[in-house]
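Listed below, chain by chain, are the residues.
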Amino acid sequence: MHVEPDDLALIALGDDNPDAADHLASCPQCSHEVRELSQTLEAVRRDGPVEPQPVPEGLWEKIAAEAFGHQPREVSTPAADDTAADDTAADDTAADDTTAEDPAGHVVPMRGRQRRRRSPLVLLVAAAAGLAVGVAGTMYVLDRSPQDSAVASADLEALDTSLPAAGAQIIERDGQQVLIVQTDELADADGGFLEVWLLNQDVTGLVTLGPLDSARQEFVLPTALDLGEFPIVDISREPLDGDPTHSGDSLWRGELQATQD
Amino acid sequence: MPAGDYPSSVSDADITRSFSDGDPDSLRQMYQRWGPLVSGLAHRAVGSSDAEDIVQQVFVAAWRSRETYHPDRGALGGWLTGITRNTIANHLRRRERTPEVITDPTDLPSHGASGVVTGWTDALTTALTVQEELERVGEPQQTILRLAYFHQLTHQDIADRLELPVGTVKSHVSRTLRRLREQMGRAGELDARRA
């Protein structure tokens, strides 16, 4: 009759148990068990204690911002209400593929807007193929040279009522897609700079087009860029900190729609 | 008061209740209560520069997955320590996947000069397993176990100090040692297979 397992543990812990001792002398099984338990106890005593470390200053604020705010550290996997999140799209075409990040921190998301169905009946110029067709025209009219024809345009909604109106347009020139951004007045960069991005529909991926430093500016789009995938124009205010990720501080945003001619 | 030294089990119950209710204040209370323990484990595992990141990930993950916490499966501190273990494991795994250029293939992760673990080791497994079990059992068991394992008081001394029957003390101490032996034994097998 072997020793009870709990009693073996107590022996390993140093309890005196003369009856068990007799048994152990002739039972390899129970002796082995006591040895294992003793080794465990040794490891527990040696490596188990952990010195608590004081938590660093300012860490709670970061935790609260992330847990209770809306700035996920990385592209979040979609929750139950997901309709489209295709994480690979952002990485394939993003100019800086290590930093795809949800910039929807301070911004009014455009997701609430009803998605327009892409009309197969309208002939779209190749450059803007895949963009939803705009039914009404845009309100903001960009200056335009006569030879350029817009294939897509967008009103850029100011996310801050103090900002002037802005608009964007895609033209085709010399076989290239060109994005023109125009505002009545350039917003203050607050010691940083303004940056122009193209976002995908559910704001989980983004492509940077570069800094905006005049009230009207053109950006030649990368040839591989599919505007159908990245139809949303976003202009943000960025700090001069060398961090290429979107600051979350968007000033204007609007969705490009193919124009009907 | 350092985390783990005779903690107040009444306030742990309050924190647990408000956490289960989804009260954001509870996260701050959890941070104050267990932050130093999580930070200590993170330091043991990854050193001081990455430790802060680990701590942040743990508490954010705890908040986001609060609906997966079930009080009947163990105390909140134990659940949180389990999250810490997983966060550390993921971090170390990610670090392994993007290793620095190793010119000597026999140069494996090992203890740094300061004794800080720079890879997954038995010592780290022990620390995480033990702390998780200590937290999981709640009070007064945790205090009994610490006095027995770390302070090496006799069972009678513990019983006297905590005004508990010596049989209760012995039963907790022996059962937990057996459970730890199971968990650490399993972990060791996993490590051996992974190596």
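Scroll up a little and you will see the structure.
Everything quoted here is computed from the prediction, not taken from an experiment.

Asks: What is the right way to read the overall build of chain B from this model?
Replies: Secondary structure summary: chain B contains eight helices and zero strands in total. Secondary structure of chain B in N-to-C order comes out as α-α-α-α-α-α-α-α. Relative to its 195 residues, chain B shows a buried fraction of 47%. The contacts of chain B with a sequence gap of at least 6 include a subset with a gap of at least 24, amounting to 65%. Of the roughly 10,000 Å² that chain B leaves accessible, carbon and sulfur atoms contribute 49%.

Asks: Before we go on, may I ask you to explain the packing of aromatic side chains in this structure?
Replies: What describes a pair of aromatic rings is the distance from one ring centre to the other and the angle between the planes of the rings. Tallied over the entire structure, the rule returns eight aromatic pairs over all chains. Considering the side-chain rings of Phe68 of chain A and Trp63 of chain B, the 5.1 Å spacing of their centres and the 90 degrees angle between planes classify their relative orientation as edge-to-face. Of this pair, Phe68 of chain A sits in helix α4 (residues 59-68) while Trp63 of chain B sits in helix α3 (residues 48-64), placing the two residues on different chains. Among the residues examined, Trp63 of chain B registers a relative accessible area of 6% and is labelled buried. Judged by centre distance (6.4 Å) and plane angle (55 degrees), the ring pair of Phe19 of chain B and Tyr69 of chain B falls under tilted. Here Phe19 of chain B is found in helix α1 (residues 9-20), whereas its partner Tyr69 of chain B is found in the loop between α3 and α4 (76-97), with 50 residues between them in sequence. Given the relative accessible area of 0%, Phe19 of chain B is considered buried. Tyr69 of chain B sits in the buried class, given a relative accessible area of 7%. Ring-pair connections join several aromatic residues into one group, and the members of that group are Trp60 and Phe68 of chain A together with Phe19, Tyr31, Phe59, Trp63, Tyr69 and Trp79 of chain B. We note Arg66 of chain B situated over the ring of Trp63 of chain B; from NZ or CZ to the ring centre the distance is 3.9 Å.

Asks: Explain the interface of chain A and chain B here, please?
Replies: By convention, interface size is frequently given as the accessible area that disappears when the constituent parts associate. If you look at the interface, chain A gives 34 residues, while chain B gives 42 residues. Across the chain A to chain B interface the summed buried area is about 3,600 Å²; carbon plus sulfur atoms make up 65%. The interface formed by chain A and chain B contains six salt bridges. We note a salt bridge from Arg178 of chain B to Asp6 of chain A, for which the minimum N-O separation is 2.6 Å.

Asks: Please explain the packing of helix α2 (residues 25-46) of chain B against α3 of chain B as it appears in this structure.
Replies: Geometrically, a packed helix pair is captured by the angle between its two axes and the distance between the axes. All names here are of chain B. At their nearest, the axes of α2 and α3 sit 8 Å apart, and the two run at 140 degrees to each other. Looking at the two axes, α2 sits oblique to α3. Between α2 and α3 the crossing geometry is right-handed. Contact with α2, carried on its side by Ser26, Leu27, Met30, Tyr31, Trp34, Gly35, Val38, Ser39, Ala42, His43 and Val46, involves Ser48, Asp50, Ala51, Ile54, Val55, Val58, Phe59, Ala62 and Trp63 of α3 and no other residues of that element.

Asks: Just checking my understanding: could you explain the state of the cysteines for this structure?
Replies: Two cysteines form a disulfide when their sulfur atoms are joined by a covalent bond. All told, the structure shown has zero disulfides over all chains when counted by the stated rule. The thiol of Cys27 of chain A is not disulfide-bonded; the next cysteine sulfur, from Cys30 of chain A, is found 3.6 Å away.

Asks: It is not clear to me how unusual backbone geometry should be interpreted in this structure. Could you clarify?
Replies: Among all residues except glycine, the phi angle is most often negative; among peptide bonds, the trans geometry is most common. All names here are of chain B. In this structure, Pro140 follows Glu139 across a cis peptide bond, with omega equal to 5 degrees. With respect to the helices and strands, the residue Pro140 is situated in the loop between α5 (122-136) and α6 (141-149). The backbone phi angle of Glu163 is positive, close to 55 degrees, even though this residue is not glycine. Tracing the backbone shows Glu163 in the loop between α7 (155-162) and α8 (166-194).

Asks: Explain α5 of chain B here, please?
Replies: Along an α-helix, residues three or four positions apart point the same way, because every turn accommodates 3.6 residues. Taking 1.5 Å as the rise per residue, α5 of chain B with 15 residues should run 21 Å; its terminal C-alpha atoms sit 21 Å apart, in good agreement. Positive phi appears at Gly138 of chain B, one or two residues downstream of α5 of chain B, with a value of about 70 degrees.

Asks: Can you help me understand the side chain of Glu195 of chain A in this one?
Replies: Topologically, Glu195 of chain A is positioned in strand β4 (residues 193-199). Here the side chain of Glu195 of chain A touches Thr208 of chain A through a polar contact of 2.5 Å, side chain to side chain.

Asks: What should I look at first to understand the pattern of salt bridges in this one?
Replies: Opposite charge on two side chains allows them to pair when their charged atoms are near. Summed over all chains, the structure comprises 15 salt bridges over all chains. Put simply, Arg181 of chain B and Glu33 of chain A hold a salt bridge, and the shortest N to O gap is 2.7 Å. Note that Arg181 of chain B is positioned in helix α8 and Glu33 of chain A in helix α3 (residues 28-47), a pairing that runs across two chains. Accessibility expressed as a relative area gives 14% for Arg181 of chain B, which makes it buried. Between Asp14 of chain B and Arg17 of chain B there is a salt bridge, with the nearest N and O atoms lying 3.3 Å from each other. Separated by three residues within a single helix, Asp14 of chain B and Arg17 of chain B lie in helix α1, roughly one turn from each other. On the basis of relative accessible area, Arg17 of chain B is assigned to the exposed category, the value being 51%.

Asks: It is not clear to me how the pairing of strand β6 (residues 216-220) of chain A should be interpreted in this structure. Could you clarify?
Replies: Put simply, side chains in a regular strand alternate between the two faces of the sheet. Residues and elements named next belong to chain A. Judged by which residues are buried, β6 turns out to be one-sided: Gln217 and Phe219 face inward and are buried, whereas Arg216, Glu218 and Val220, on the alternate face, are not. The pairing of strand β3 (residues 176-183) with β6 spans five bridges and is antiparallel. By the bridge assignment, Leu179 is partnered in β6 with Phe219.

Rules and cut-offs
- Residues numbered from 1 in each chain as written.
- Chains lettered and ligands numbered in written order.
- Predicted model: local features only at pLDDT ≥ 70, side-chain atom pairs only at ≥ 80, totals over all residues.
- Heavy atoms only, no water.
- Helix = DSSP H or I, 4+ residues; strand = E, 2+ residues; numbered from the N terminus.
- Buried < 20%, exposed > 50% of the residue type's maximum accessible area, 1.4 Å probe, protein only.
- Contact = heavy atoms within 4.5 Å.
- Areas by Shrake-Rupley, 256 points an atom, 1.4 Å probe, with all protein chains shown as cover.
- Phe/Tyr/Trp six-rings, centres within 6.5 Å; stacked < 30°, edge-to-face > 60°.
- Lys NZ or Arg CZ within 6 Å of the ring centre and 35° of its normal.
- Buried area = accessible area lost by both parts, 1.4 Å probe.
- Salt bridge = Lys/Arg side-chain N within 4 Å of Asp/Glu carboxyl O.
- Axes fitted to C-alpha atoms, helices over the stretch in contact; angles between N-to-C directions.
- Parallel < 35°, antiparallel > 145°, perpendicular 65-115°, else oblique.
- Left-handed = near helix turned anticlockwise from the far one by under 90°.
- Disulfide = S-S within 2.5 Å.
- Expected span 1.5 Å × (residues − 1).
- Polar contact = N/O pair within 3.5 Å; in protein donor to acceptor, adjacent residues only side chain to side chain.
- Pairing = 2+ DSSP bridges.

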